[in-house]
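# Results of the structural survey
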Amino acid sequence: MKYLLIALLMVSSLLGKAQKSYSFNQLDRLQKIEKKNIIVFVSVNWCSYCKAMEQTVFTEPNVVKYLNKHYYFVKLNAEDQTPVVYQNHQFLFNPSLGFHEIAIMLANKQKLTFPSIYVLNKDNEILYQNKGFITAISLVKVFNYFINKP
């Protein structure tokens, strides 16, 4: 019984330190409650670098702290076929390209690369983009820059 209690405490402490993630469908409502910049992590299921970032970078305590406190964090699977309604516009999966329209829009007419990270301001303008793996230390520097930017 004592070991079960210890295991439950360990699991609950780990769950409490996970970053909150949202969908694009939730952002319009959330921005009405509290305006925040948005971090979008674009990935696909078959990408080993995407999985590595999810397992290492997005579980690093400083990254989790910044994401939960200062940003809305959106994980977007570029191959997801679920419609997205964001900013009064519906985005759909584009079968001819094999990717979701919102991922294509974020790439801004450039080739989609996985993983990709985008920082959007409160007005949905892309402030920063990183294509490829980024370390937790580098990502925290990006977070700091946009938090401290006037």
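Here the structure is shown first, and the text comes after it.
About the criteria used
Residues numbered from 1 in each chain as written. Predicted model: local features only at pLDDT ≥ 70, side-chain atom pairs only at ≥ 80, totals over all residues. Heavy atoms only, no water. Helix = DSSP H or I, 4+ residues; strand = E, 2+ residues; numbered from the N terminus. Buried < 20%, exposed > 50% of the residue type's maximum accessible area, 1.4 Å probe, protein only. Contact = heavy atoms within 4.5 Å. Areas by Shrake-Rupley, 256 points an atom, 1.4 Å probe, with all protein chains shown as cover. Arc of directions from axis to C-beta. Salt bridge = Lys/Arg side-chain N within 4 Å of Asp/Glu carboxyl O.

### Concerning the overall build of the protein
Along its length, the protein carries six helices and eight strands. Moving toward the C terminus, one meets the helices and strands of the protein in the order α-α-β-α-α-β-β-β-β-β-α-β-β-α. In the protein, which comprises 150 residues, the share counted as buried stands at 39%. A separation threshold of at least 6 residues defines the contact pool for the protein, and within that pool the share at least 24 residues apart is 62%. Total accessible area computed for the protein in this model is approximately 9200 Å², and 57% of it derives from carbon and sulfur atoms.

### A look at the side chain of Asn121
For Asn121, the location among the structural elements is in the loop between strand S7 (116–120) and strand S8 (126–131). In contact with Asn121, not counting residues within four places along its chain, are Asn37 and Leu127.

### Topic: helix H2 (residues 24–33)
Of all the positions in H2, only Phe24, Leu27, Leu30 and Gln31 are classed as buried. For H2, the buried positions fall inside an angular range of 100° around the axis, keeping them on one side. Looking at H2, the residues exposed on the side facing more than 90 degrees away from the buried face are Lys32 and Ile33. Buried residues along H2 sit in contact with strand S1 (37–43), strand S2 (71–77), strand S3 (84–86) and helix H5 (101–107).

### With respect to the pattern of salt bridges
Side chains carrying opposite charge are able to pair once their charged atoms draw close together. Taken as a whole, this structure holds one salt bridge when the rule is applied. In this structure, the salt-bridge partner of Lys75 is Glu54, at a minimum N-O distance of 3.2 Å. Taken together, the residues Lys75 in strand S2 and Glu54 in helix H3 (residues 48–55) connect sequence positions 21 residues apart. Overall, the relative accessible area of 39% leaves Lys75 in the partly exposed class. A relative accessible area of 30% means that Glu54 is categorised as partly exposed.

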